[in-house]
Amino acid sequence: MKSFLPLVTLVCLLFDPAQANDQDDGIIHGSCKRAADGDPNISYKFCVACFEAKRVSQPANIEDLTLASINLTISNATDVSSCISKLLQNKSLGHFARDCLMTCSKLYSDAYSILRGVVDDLGSRDYDTANVDVSAAMDAAVTCEDGFKEREGLASPLTKENDMFFQMNAISLAFIEMLRRN
Ligand SMILES: *[C@@H]1O[C@H](CO)[C@@H](O)[C@H](O)[C@H]1NC(C)=O
Ligand SMILES: *[C@@H]1O[C@H](CO)[C@@H](O)[C@H](O)[C@H]1NC(C)=O
Ligand SMILES: *[C@@H]1O[C@H](CO)[C@@H](O)[C@H](O)[C@H]1NC(C)=O
Ligand SMILES: *[C@@H]1O[C@H](CO)[C@@H](O)[C@H](O)[C@H]1NC(C)=O
């Protein structure tokens with residue numbers, strides 16, 4: 001019977017990851033849980049889903065995970081930019097909607113450049129600058145979304161994209177704070 005207990009423990013871990021502690025749970029689950037616990041804007045499920053996507057290699061530590069988070073956010077900024085370019089091809093857009101989209105395009109292109117700089121901030125362990133930069137990138141999503149609210153009856157075509165980009169940056173910020181305290 002002696003060998004039975006470890007198996008039961010393993011089975012419990014597999015079927016109830018929420019009850020496992022950070023170490024047993026792996027860096028992604030543990031860090032996403034801490035991030036979600038500390039910030040109501042972060043969904044644990046969204047966070048885990050971001051890093052369990054196939055294109056992300058399994059991070060070894062919080063440093064790796066933070067870099068992976070920045071990388072993901074950089075590529076999302078590119079995705080949102082091409083989404084905006086497609087929307088701008090619409091010939092029946094009104095002036096106001098077109099202006100809003102042009103502003104968003106500029107915001108996301110700036111956010112892309114800023115986030116590229118964060119990779120260097122992290123390399124030199126400059127967590128203060130990393131925090132300021134990621135916060136600035138995050139603001140792009142808020143400013144873009146707010147632009148559409150200025151005219152009644154105009155729905156933002158980028159709400160989902162802005163929400164995701166905001167949350168991805170919130171996750172990076174949480175990871176940067178963990179890295180600082182590491
Ligand atoms: C959550 O997001 C809102 C903006 O949507 C922001 O004002 C607030 O500070 C955020 N909360 C945290 C804990 O970062
Ligand atoms: C982040 O992206 C850079 C350049 O694209 C790559 O060299 C690096 O391995 C990536 N890091 C992680 C942790 O994904
Ligand atoms: C990133 O951007 C694209 C395009 O706007 C979006 O559809 C996608 O769901 C976003 N989020 C993630 C986590 O890749
Ligand atoms: C193009 O813009 C018009 C006006 O905003 C909108 O009604 C229409 O759905 C858009 N078409 C496409 C394909 O997005």
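Residues numbered from 1 in each chain as written. Chains lettered and ligands numbered in written order. Predicted model: local features only at pLDDT ≥ 70, side-chain atom pairs only at ≥ 80, totals over all residues. Heavy atoms only, no water.

Peer 1: Any chance you could explain the overall build of the chain here in plain terms?
Peer 2: The number of helices and strands found in the chain is 7 helices and 0 strands. Taken from N to C terminus, the helices and strands of the chain fall in the order α-α-α-α-α-α-α. Relative to all contacts within the chain whose residues are 6 or more apart in sequence, the contacts with residues 24 or more apart total 68%. If you sum the accessible surface of the chain, you get close to 10700 Å²; carbon and sulfur atoms cover 55% of it. (Helix = DSSP H or I, 4+ residues; strand = E, 2+ residues; numbered from the N terminus. Contact = heavy atoms within 4.5 Å. Areas by Shrake-Rupley, 256 points an atom, 1.4 Å probe, with all protein chains shown as cover.)

Peer 1: What is the right way to look at the side chain of His29 in this model?
Peer 2: Mapped onto the secondary structure, His29 falls in helix H2 (residues 22–38). Side chain to side chain, His29 and Tyr44 meet in a polar contact 2.8 Å long. (Polar contact = N/O pair within 3.5 Å; in protein donor to acceptor, adjacent residues only side chain to side chain.)

Peer 1: Sorry if this is basic, but what is going on with the pattern of salt bridges here?
Peer 2: Tallying each qualifying case throughout the model produces 6 salt bridges. A salt bridge links Lys33 to Asp37, with the shortest nitrogen-to-oxygen separation between them at 3.0 Å. Here Lys33 and its partner Asp37 are both found in helix H2, 4 residues apart, which amounts to about one turn of the helix. Between Lys160 and Glu161 there is a salt bridge, with its nearest N and O atoms 4.0 Å apart. (Salt bridge = Lys/Arg side-chain N within 4 Å of Asp/Glu carboxyl O.)

Peer 1: For this particular structure, what's the right way to read the nonpolar core?
Peer 2: For soluble globular proteins, nonpolar side chains are generally found buried alongside one another. One finds Ile42, Phe51, Ile84, Tyr108, Leu122 and Phe175 to be the most contacted residues of the largest nonpolar core, which totals 49 residues. Among the secondary structure elements, those contributing two or more residues to this core are H2, helix H3 (44–52), helix H4 (62–88), helix H5 (95–123), helix H6 (127–149) and helix H7 (159–181). Beyond its immediate stretch of four places on either side in the chain, Ile84 contacts Leu101, Cys104, Ser105, Tyr108 and Leu158. (Core = buried A, V, L, I, M, F, W, Y, C linked by side-chain atoms within 4.5 Å. Buried < 20%, exposed > 50% of the residue type's maximum accessible area, 1.4 Å probe, protein only.)

Peer 1: Even after reading the chapter, I still don't get the site of ligand 4, so can you show me in this structure?
Peer 2: Taken together, Asn90, Ser92 and Leu93 make up the full set of residues adjacent to ligand 4. One of the side-chain N or O atoms of Asn90 is found 2.3 Å from an oxygen atom in ligand 4. Protein contact buries 30% of the 360 Å² of open area that ligand 4 shows by itself. (Near = heavy atom within 4 Å.)

Peer 1: Whenever I open this one, the packing of aromatic side chains confuses me. Can you help?
Peer 2: Two measures describe an aromatic ring pair: the distance that separates the ring centres and the angle between the ring planes. Scanning the entire structure with this criterion turns up 2 aromatic pairs. Between Phe51 and Phe175 the ring centres are 5.8 Å apart and the planes differ by 45°, which places this aromatic pair in the tilted class. Of the two residues, Phe51 is situated in helix H3 and Phe175 in helix H7; the sequence distance between them amounts to 124 residues. (Phe/Tyr/Trp six-rings, centres within 6.5 Å; stacked < 30°, edge-to-face > 60°.)

Peer 1: Got a minute to help me understand the state of the cysteines in this structure?
Peer 2: By definition, a disulfide links the sulfur atoms of two cysteines through a covalent bond. Across all of its chains, the model carries 2 disulfides by this definition. One disulfide bridge connects Cys32 with Cys47, the sulfur atoms lying 2.0 Å from each other. Taking the torsion about the S-S bond as the criterion, the Cys32 to Cys47 disulfide, at about -75°, is left-handed. With Cys32 in helix H2 and Cys47 in helix H3, this residue pair connects regions lying 15 residues apart in the sequence. In terms of burial, Cys32 and Cys47 fall into one category: buried. Of note for the chain: the bonded cysteines, numbered N- to C-terminal, pair according to 1-2, 3-4. Between Cys50, a cysteine without a disulfide, and Cys47, which holds the nearest cysteine sulfur, the sulfur-to-sulfur distance is 6.6 Å. Note on Cys50: relative accessible area 14%, which makes it buried. Free cysteine: Cys100, not disulfide-bonded; nearest cysteine sulfur from Cys104 at 6.6 Å. (Disulfide = S-S within 2.5 Å.)

Peer 1: Would you take a moment to explain H6 for this structure?
Peer 2: Between its terminal C-alpha atoms H6 stretches 34 Å, which fits the 33 Å expected from 23 residues at 1.5 Å a residue. Residues Tyr127, Ala130, Asp133, Val134, Ala137, Met138, Ala140, Ala141, Cys144, Glu145, Gly147 and Phe148 constitute the buried set of H6. Buried-residue contacts for H6 involve H4, H5 and H7. (Expected span 1.5 Å × (residues − 1).)

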